[in-house]
Amino acid sequence: MKGINEQKKAELDTLAAQVLDAQHELDQCEATVAALTEKLNLSQNLLAEGESNTTQAQNNKTLIDAVVQSALDLQNNSSIAYKEIAAADSKTKDLAAAIKILMDKLIYSAEMINKLASIVTRKKALNPLISDELVSMINTAGSDANNAVALTLVALQSTFSATASNIMSEGALALENTQAITLYQMLTAKTEENKTASSLQLYIRAYDTAKINYTQADNACKALIKQLNDANRILDSAQVKLNSLQSGLAAANAAALAS
């Protein structure tokens, strides 16, 4: 720059360097905001999936509570006539037991998938290289497993209703009482197929797990929102700083050329 003394040139060089540094800082802030925005979008999707799973688990728990109460009510209502009946409907009992075994396996599978989904979600938050498709597939598998459990519950309830109808039509009040007791015990007591908990306890645990997973996803979303808000504030400050330095450099250049 002809006509500009060494001092002014040094000042301009310093301002230019500050502008470059401010631009670099702004670029880093923009990259941080973009990364956090992507993370937040994924976290919000997982939160919506967790909310759906929690609702499904709650519905399943409500349904199992209704089945247990139906079995208990039937047991109480038929106990008076227990001694009058000797026959038993073995086929219905076998079907109910088979559905119960299947139901326990489905509950266990759903619980394992939900635990895996929780682990993958936490890992994903720490390692963005984990495939979004993998996270989505695991959560979809969890939803499918919960739906299968719900359908099995409906089948069990239908079997129970059919049993009650047959017993009433045949006047088999004693059989009704026996099967009500058996069903109630199957739902509320430990079995050989499931040595750790009853079906009722499994549904309660599945619901509790779903709530925990939802809470974790909700907390992750809130944390990311705070981080994103902070990053946006830093980005705004960086933009203001860059604009100020650019204006200062332009003014200094103009003054230097005019001198």
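For every chain, the first residue of the written sequence is number 1, and numbering continues from 1 along that sequence. Where totals are concerned, whole chains, interfaces and linings use all residues; where local detail is concerned, this predicted model gives features only for residues with pLDDT of at least 70, and gives and counts side-chain atom pairs only at 80 or more. Excluding hydrogens and water, the side-chain figures rest on all heavy atoms present in the structure.

Visitor: Got a minute to help me understand the overall build of the protein chain in this structure?
Guide: The numbering of helices and of strands both runs from the N terminus, where a helix is a DSSP run of H or I of at least 4 residues and a strand a run of E of at least 2. Counting its secondary structure elements, the protein chain contains 5 helices and 0 strands. Starting at the N terminus and ending at the C terminus, the protein chain contains elements arranged as α-α-α-α-α. Per-residue burial over the protein chain gives 36% buried out of 259 residues. If you sum the accessible surface of the protein chain, you get close to 14900 Å²; carbon and sulfur atoms cover 58% of it. Classification of residues uses two cut-offs on accessible area relative to the type maximum, computed with a 1.4 Å probe and protein chains only: under 20% is buried, over 50% is exposed, and between them is partly exposed. Residue burial considers only the protein chains on display, and all accessible areas are found by Shrake-Rupley using a 1.4 Å probe.

Visitor: So what exactly am I meant to see when it comes to the confidence of the model for the protein chain here?
Guide: Note: predicted coordinates in regions of low pLDDT should not be interpreted at a detailed level. pLDDT expresses how confident the predictor is about each individual residue, on a scale running from 0 to 100. For the protein chain, per-residue confidence averages 79 on the pLDDT scale, and 82% of positions sit at 70 or higher. Helix α3 (residues 132–170) is the least confidently modelled element of the protein chain, averaging 70 in pLDDT, while helix α5 (residues 199–258) averages 88, the highest of any element.

Visitor: Teacher, can you tell me more about the side chain of N60 here?
Guide: Note on placement: N60 falls in helix α1 (residues 6–78). Judged by its relative accessible area of 5%, N60 is buried. When sequence neighbours within four positions are dropped, the list of residues in contact with N60 reads N146, V149, A150, L153 and Y203. Note on contacts: a residue pair is in contact if any heavy atoms of the two residues lie within 4.5 Å.

Visitor: Just to check I follow, could you spell out the environment of P128 for this structure?
Guide: Along the polypeptide, P128 turns up in the loop between α2 (90–126) and α3. Residues P128 and A35, 93 residues apart in the sequence, show an inter-C-alpha distance of 9.5 Å.

Visitor: Can you help me understand the nonpolar core in this one?
Guide: Generally speaking, nonpolar side chains in soluble globular proteins are found buried as a group. Definition used in this section: a nonpolar core is a set of buried Ala, Val, Leu, Ile, Met, Phe, Trp, Tyr and Cys residues joined via side-chain atoms within 4.5 Å. Counting 23 residues, the largest nonpolar core has I64, M103, I107, L156, L183, L187 and Y203 as the members making the most contacts within it. Going through the elements one at a time, α1, α2, α3, α4 (173–188) and α5 are the ones with two or more residues in this core. Those residues in contact with L187, other than ones at most four positions away along the chain, are I64, V67, V68, M103, L156, S198, S199 and L200. Among the nonpolar cores identified, the runner-up in size contains 17 residues, and L36, L224, L245 and L249 belong to it.

Visitor: How should the pattern of salt bridges be read in this particular structure?
Guide: Any two side chains of opposite charge can pair, so long as their charged atoms come close to each other. Salt bridges are defined by distance alone: a side-chain nitrogen of Lys or Arg within 4 Å of a carboxyl oxygen of Asp or Glu. Counted under the stated rule, the structure contains 8 salt bridges. Three or more residues joined by partner-sharing salt bridges are found here, namely K226, D230 and R233.

Visitor: Explanation requested: the side chain of E111 in the structure shown.
Guide: Within the fold, E111 resides in helix α2. As used in this structure description, the phrase polar contact means that two N or O atoms lie within 3.5 Å; if the pair is within protein, one of them must be able to donate a hydrogen and the other to accept it, and residues adjacent in sequence are counted only when both atoms belong to side chains. Of note is the side chain of E111, whose polar atom sits 2.8 Å from the side chain of R205. In this structure E111 touches L202 and R205, once residues within four positions along its chain are discounted.

Visitor: Would you mind going over the packing of α1 against α5 with me for this structure?
Guide: Two packed helices can be described by the angle between their axes and the distance between those axes. Whenever a helix is involved, its axis is fitted only over the stretch in contact; in every case the axis is a line through C-alpha atoms, and angles between N-to-C directions fall within 0 to 180 degrees. Relative to each other, α1 and α5 sit at 165°, their axes nearing to 6 Å. Taken as axis vectors, α1 and α5 run roughly antiparallel relative to one another. As α1 runs across α5, the sense of the crossing is left-handed. For the contact of α1 with α5, the per-class residue count stands at 36 nonpolar, 17 polar and 9 charged. Each angle gets one of four labels, with under 35 degrees taken as roughly parallel, over 145 as roughly antiparallel, 65 to 115 as roughly perpendicular, and the rest as oblique. Note on convention: near helix rotated counterclockwise from far helix by under a right angle means a left-handed crossing. Clockwise means right-handed. Amino acid classes used here: Ala, Val, Leu, Ile, Met, Phe, Trp, Tyr, Cys and Pro are nonpolar; Asp, Glu, Lys and Arg are charged; the rest, including Gly, are polar.

Visitor: What is the right way to look at the environment of V67 in this model?
Guide: Looking at the secondary structure, you find V67 in helix α1. Taking the C-alpha atoms as reference points, V67 and L156, 89 residues apart in sequence, are found 8.5 Å from one another. If we skip the residues at most four places from it in the chain, V67 touches Q157 and L187.

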